[in-house]
Amino acid sequence: MEIIYKDEKDFTKENIIELFLSVDWQLSASNPDKLYTALINSPTVFTAWENNKLVGA
């Protein structure tokens, strides 16, 4: 299992929703447009990927 860390905003809205639902953050995932916009507009976002799947942000 190799985790790859990136400081690029190369995630999709679907990636973010799937990530948040996987850790039972229902409330955050219930408004995906707002969540995605917040991440895209953040000056820095680090992500973690395993086998091309977003596993952390």
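Residues numbered from 1 in each chain as written. Predicted model: local features only at pLDDT ≥ 70, side-chain atom pairs only at ≥ 80, totals over all residues. Heavy atoms only, no water.

(A) Representation of the nonpolar core in the model. By size, the foremost hydrophobic cluster in this structure holds 9 residues: Phe11, Ile16, Leu19, Phe20, Leu35, Leu39, Val45, Trp49 and Leu54. A per-element tally of this core places helix 1 (residues 13-22) first, with 3 residues. Trp49 has contacts with Glu2, Ile3, Ile4, Lys6, Asp10, Phe11, Asn15, Leu54 and Val55, leaving out every residue within four places of it along the chain. (Core = buried A, V, L, I, M, F, W, Y, C linked by side-chain atoms within 4.5 Å. Buried < 20%, exposed > 50% of the residue type's maximum accessible area, 1.4 Å probe, protein only. Helix = DSSP H or I, 4+ residues; strand = E, 2+ residues; numbered from the N terminus. Contact = heavy atoms within 4.5 Å.)

(B) Quick look at the sheet that holds strand 1 (residues 4-6). Pairing is antiparallel in the open sheet, where 3 strands are placed in the order 1-2-3. In this open sheet, the two strands that pair with only one neighbour each are strand 1 and strand 3 (53-56). Each adjacent strand pair in this sheet contributes to an overall mean axis angle of 40°, direction not counted. One ladder, built from 3 bridges, connects strand 1 with strand 2 (residues 47-50); its direction is antiparallel. When the sheet's bridge partners are listed, Tyr5 is paired in strand 2 with Ala48. With respect to the sheet, helix 1 is in contact with strand 2 and strand 3, its orientation differing from that of strand 3 by roughly 50°. (Pairing = 2+ DSSP bridges. Axes fitted to C-alpha atoms, helices over the stretch in contact; angles between N-to-C directions.)

(C) Up close: the pattern of salt bridges. The tally for this structure, following the rule as stated, stands at 3 salt bridges. Lys13 is the partner of Asp33 in a salt bridge, and the nearest nitrogen-oxygen pair spans 2.3 Å. Of this pair, Asp33 sits in helix 3 (residues 32-41) while Lys13 sits in helix 1; the two residues are 20 residues apart in sequence, bridging distant segments of the chain. The class for Asp33 is partly exposed, based on a relative accessible area of 46%. For Lys13, a relative accessible area of 27% corresponds to the partly exposed category. Among the ionic pairs, Lys53 bridges to Glu18, the shortest N-O distance being 3.6 Å. Remark: Glu18 occurs in helix 1 and Lys53 occurs in strand 3; sequence separation between them is 35 residues. (Salt bridge = Lys/Arg side-chain N within 4 Å of Asp/Glu carboxyl O.)

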